[in-house]
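# Tertiary structure, described
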Amino acid sequence: MKTTTRVAIIGGGVVGCSVLYHLTKLGWSDVMLLERSELTSGSTWHAAGGFHTLNGDTNMAALQGYTIKLYRELEAITGMSCGLHHVGGVTLADNQDRFDMLVAERAKHRYMGLETEIIGPDEISKIAPVTNIEGIIGGLYDPLDGHLDPSGTTHAYAKAARMGGAHIETHCKVLSTTQRADGTWDLVTDKGTVHAEHIVNAAGLWAREVGAMAGVYFPLLPMEHQYLVTEEVPQIADMIDAGGEHPHVMDPAGESYLRQEGRGLCIGFYEQPCRPWAVNGTPWDFGHELLANDFDKIEDSIAFAYRRFPALEKAGVKSVIHGPFTFAPDGNPLVGPVPGMRNYWSACAVMAGFSQGGGVGLTLAQWMVEGEPERDVFAMDCARFGAWITPGYTVPKVVENYQRRFSVSYPNEELPAARGLRRTPMYDHFSAMGAVWGAQFGLEVPNYFAQNGEPDFETPSFRRSNAWGAVKREVKAVRRGVGINEVHNFSKFLVSGAHARAWLDRIMAGRIPQAGRLSLTPMLSPKGKLIGDFTVSCIREGLFQLTASYGSQAYHQRWFEQNMEPGVTLQNISDQRTGFQIAGPKAAEVLQACTTANVADIKFLDVKELVVGATACLVQQVSYTGDHGFELYCDPMAQRALWDRLWQAGKPHGMTPFGMRAMMSLRLDRFFGSWLSEFSPDYTAAETGLDRFISFRKNVDFIGRSAAEAERLTPPERQLVIFEVDAHDADAVAYEPVFINGTVQGFCTSGGYSHHAEKSIAFALVPRAEMTDDLQAEIEILGQLRPAKRLLEPLL
Ligand SMILES: Cc1cc2nc3c(=O)[nH]c(=O)nc-3n(C[C@H](O)[C@H](O)[C@H](O)COP(=O)(O)OP(=O)(O)OC[C@H]3O[C@@H](n4cnc5c(N)ncnc54)[C@H](O)[C@@H]3O)c2cc1C
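Values in this document were obtained by computation on a predicted structure and should not be read as measured data.

### Observations regarding the overall build of the chain
- In terms of helices and strands, the chain carries 20 helices and 37 strands.
- Computed over the C-alpha atoms, the radius of gyration of the chain is 27 Å, within 12% of the 28 Å expected from 2.2 N^0.38 for a compact globule of 796 residues.
- Projecting the C-alpha coordinates of the chain onto the three principal axes gives extents of approximately 85 × 60 × 50 Å.
- Taking all contacts inside the chain whose residues are at least 6 apart in sequence as the whole, residues at least 24 apart take part in 72%.
- On the chain, roughly 29,200 Å² of surface is accessible, and the fraction owed to carbon and sulfur atoms is 50%.
- Put simply, the chain has 71 plus and 92 minus side-chain charges, and the middle of one group is 6 Å from the middle of the other.

Laid out in structure tokens, this is it:
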């Protein structure tokens, strides 16, 4: 057996084999895969083999599209068959909300270049004749949908990898993983020890156990899943005899997916009475075996399916496949460098290995070989969860996700499982004041405050929600007087040490401020992509506070640690610093009433250590609302005292608590972009206008400098613009196509309603060549082309 290798992948399912192949494809041939049994010995062998591109996250959809197109490449390289059937597929809609969602998906596909289309019930009946179209409004047809042979495909990946120099060791169980002082790993197996520079955990059903060998908790859980294969169905047999094939049919109302299998049908269910499997750990002796049939669990689903697909009722059941496969709390894979670890990579929780496996393999290989993935993959980055995550969170979230597999997902929806895990000292107080809560990175965050009969539950909707009035009231209160909210949902890092300034100068592209000042700066990847949008505050020389997106703190911390230098100390103090933001024309008066310092001396972008009431605070004159405002950071133990003092001082000015919904409306007026919408690794600073914060004058080779300089010489082809949209009852959210002169030339990054300016606003990336001052466009919102005109000046 090979005993030293650059990369050791643990697990020979479809995902491990895909990672192995992609590493060789990108030029690493000294790579090996260790499989405790034969290849495909986890969930891979009993998969139904279906694949599709539809995914609520656009970048996940793009990676699924990549996966599907890869199969022909694998067949060509290896000469092996993946058993491909590109039969197409249709997702049914039996209510308006579902139809709206499909129409919105179709709109996104326009600029992605996917050839999906909305079809009516008659067309559905024609192409998928086993479907009873009663009650069906329409459907989304995707010609790329299809199915394949799971085992053949996994072996094709493996053969292609071997052809690229990879080594595969089967019947080789990894028993322990131990890191050496130099960061390399010893993998003790039942065949001897392998010394590897990097480990990839692709152990599927056993990913938790393999992770535990290195002391890492992987937040995933196997769920039981069942599909049935029927005997011959006459309608299918007739289609085949006529040289045709039946497309896949996804029926969200029945929580089922159906496809042709041989001359019969195959149907699987995401049933509500679902069951987690092996909650406390996957047994090592689980092998090529299935779970016992369980028809009780899917009784209602089958009854529904008989109505939707009447041919099923007459067809005999040939076989039942009931097996486990893994999910992360939000259903997306866990991919990337594991936070807090060196040379340890994750390729786990891939719940749709045949839709996503190729994209996961490509992403991880790019990350390992080239240092970063080519696109924003935050939706599947293992750093999207923090150290706070426990099985107590994972289990109910995975169950919720399984049950919601076919549910309509709304942009304003807050999901109920595993809530309240993390709260600040304000939680009960704000609840009593009517806070309607959302969740970010496990933390409860007020979306708005329901007062005087306003709705205490925001109805999930693609259109303007029932919280409209409450949000409007909060926005007006901020703009006319003063508003208050918490700053707990910013991440906060403390950077200190003799080398702190020099390090920040290298990590951040922007200017690092002098003592007592703050600056806004992008953080760039080596390829010039936006990987952070930070406020850097210099408290005093050698001591800096960084603030950014709360939900991206593990992602940022991982980057900081990967680029750490001697003489610098980094602390993530996101939960050790909380406090408030007060914003609006009366904010200074409120603050002045709480401190002996002269607030007029605090200039825009100043940073001061002040006592406010009795609480020691770090005070900054800045506000994401675009108003004259202050951020006050303090110890959580003193937060309630600070609140009492500010609230008392704010009362005479009508101070109003406001939530995230108002904040996201207020930022529109100032054209402030938002992290992971306008600012993400999909874009560069020059594309999004953040290049104005890059300090090209500083004499430092900051990360991403050469890429940013190249963009100065050759400006990017697209650029961010702000549109006022003649919207109806729905605003742009993200990824709506932008038509210029009748063709799709761009897409929205975000949008919303400005309650202050009373305008619907959309941020969009459009070709630079089209960027005239009086640019007119049309934006497709829920199937309607809405006129839009470019705005040049903020709306204050
Ligand atoms: C009933 C059912 C139907 C499904 N249908 C579909 C479908 O239609 N389309 C689709 O895309 N997906 C489907 N799936 C999901 C699909 O099976 C999974 O997404 C996929 O198999 C995940 O592959 P994996 O490589 O991550 O994990 P696994 O297949 O579980 O592979 C992990 C491998 O790691 C090995 N291993 C574990 N620990 C060690 C160790 N210590 N040392 C060495 N080796 C180790 C295991 O032996 C195993 O071979 C279905 C799943 C089920 C259960």
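Here the narrative resumes, following the displayed structure.
### Some thoughts on empty space enclosed by the protein
- Scanning all chains against the criterion turns up one cavity of 30 Å³ or more.
- Put simply, the largest cavity is a space of about 50 Å³.
- Lining the largest cavity are Val445, Pro446, Asn485, Glu486, His488, Asn489, Phe658, Gly659 and Met660.
- Counting only elements with at least two residues in the lining of the largest cavity, the list comes to strand S20 (443-449) and strand S21 (483-486).
- A per-class count over the lining of the largest cavity returns four nonpolar, four polar and one charged.

### Quick word on the nonpolar core
- Residues Leu187, Val495, Leu504, Met508, Phe534, Leu546 and Phe560 are the most contacted members of the largest nonpolar core, which totals 75 residues.
- Non-local contacts of leucine 187, meaning those with residues more than four positions away in its chain, are made with Ala8, Ile10, Leu34, Val174, Ser176, Thr177, Gly192, Thr193, Val194, Ala196 and Ile199.
- Cys17, Leu23, Phe51 and Leu63 belong to the second-largest nonpolar core, a separate cluster that totals 47 residues.

### Re the sheet that holds strand S23 (residues 518-524)
- Strand order in the open sheet formed by five strands is S23-S24-S25-S22-S26, with antiparallel pairing between adjacent strands. Strands at the two margins of the open sheet, each flanked by one partner only, are S23 and strand S26 (569-572). Strand-to-strand twist of the sheet, defined as the mean angle between neighbouring strand axes without regard to direction, takes the value 25°.
- Inspection of the sheet shows S23 paired to strand S24 (residues 530-540) by seven bridges, in the antiparallel sense. Directly across from leucine 518, in S24, lies its bridge partner serine 537.

### What to know about the packing of helix H2 (residues 58-78) against helix H3 (residues 96-112)
- With their axes 11 Å apart at the nearest point, H2 and H3 run at an angle of 60° to one another. If you check the angle between H2 and H3, you find them oblique. Crossing geometry of H2 relative to H3 is assigned as right-handed. Of the residues in H3, those touching H2 at Thr58, Ala61 and Ala62 are Lys108, Tyr111 and Met112.
- Looking at the contact of H2 with H3, its residues break down into four nonpolar, one polar and one charged.

### Structural notes on the site of the ligand
- Looking at the ligand, there are 39 residues lining it, with Glu35, Arg36, Thr44, Val350 and Phe354 nearest.
- One of the backbone N or O atoms of glycine 49 is found 3.1 Å from an oxygen atom in the ligand.
- Burial of the ligand by the protein amounts to 98% of the accessible area it has alone, namely 1,000 Å².
- Listed by contribution, the elements that provide at least two residues to the shell around the ligand are helix H1 (14-25), strand S12 (221-230), strand S16 (317-327) and helix H10 (353-370).

### Section: helix H11 (residues 391-403)
- Relative to the 18 Å expected for 13 residues at 1.5 Å per residue, H11 spans 18 Å between its end C-alpha atoms, a close match to the ideal helical length.
- Of all the residues in H11, the buried ones are Tyr393, Thr394, Lys397, Val398, Val399, Glu400, Asn401 and Tyr402.
- On its buried face, H11 sits against S12, strand S15 (264-269) and S16.

### Notes on the pairing of strand S17 (residues 334-337)
- Strand direction decides the pairing type here: S17 and strand S18 (residues 344-348), joined by four bridges, are antiparallel. Residue proline 337 lies in a different strand from S18, and its bridge partner there is tryptophan 345.
- Between S17 and the antiparallel strand that follows it, S18, lie six residues; glycine 340 among them carries a positive phi value of about 80°.

### Considerations on the packing of H2 against H10
- As a packed pair, H2 and H10 sit with axes 7 Å apart at the nearest point and diverge in direction by 100°. Relative to H10, H2 is oriented roughly perpendicular. On H10, the residues that touch Met60, Leu63, Gln64, Tyr66, Thr67, Leu70 and Tyr71 of H2 are Gly353, Phe354, Ser355, Gln356, Gly357, Gly358, Gly359, Leu362 and Thr363.
- When its residues are assigned to classes, the contact of H2 with H10 shows seven nonpolar, nine polar and no charged.

Thresholds applied
- Residues numbered from 1 in each chain as written.
- Predicted model: local features only at pLDDT ≥ 70, side-chain atom pairs only at ≥ 80, totals over all residues.
- Heavy atoms only, no water.
- Helix = DSSP H or I, 4+ residues; strand = E, 2+ residues; numbered from the N terminus.
- Rg over C-alpha atoms; globule rule 2.2 N^0.38 Å.
- Contact = heavy atoms within 4.5 Å.
- Areas by Shrake-Rupley, 256 points an atom, 1.4 Å probe, with all protein chains shown as cover.
- Lys, Arg positive; Asp, Glu negative; His and termini not counted.
- Charge placed at Lys NZ, Arg CZ, Asp CG, Glu CD.
- 1 Å grid on protein atoms, 1.4 Å probe; cavity = no way out; pocket = protein on both sides within 12 Å on 5 of 7 lines; lining within 4 Å.
- Points joined across faces, edges and corners; volume = space filled by probe spheres on them.
- Nonpolar A, V, L, I, M, F, W, Y, C, P; charged D, E, K, R; others polar.
- Core = buried A, V, L, I, M, F, W, Y, C linked by side-chain atoms within 4.5 Å.
- Buried < 20%, exposed > 50% of the residue type's maximum accessible area, 1.4 Å probe, protein only.
- Pairing = 2+ DSSP bridges.
- Axes fitted to C-alpha atoms, helices over the stretch in contact; angles between N-to-C directions.
- Parallel < 35°, antiparallel > 145°, perpendicular 65-115°, else oblique.
- Left-handed = near helix turned anticlockwise from the far one by under 90°.
- Near = heavy atom within 4 Å.
- Polar contact = N/O pair within 3.5 Å; in protein donor to acceptor, adjacent residues only side chain to side chain.
- Expected span 1.5 Å × (residues − 1).

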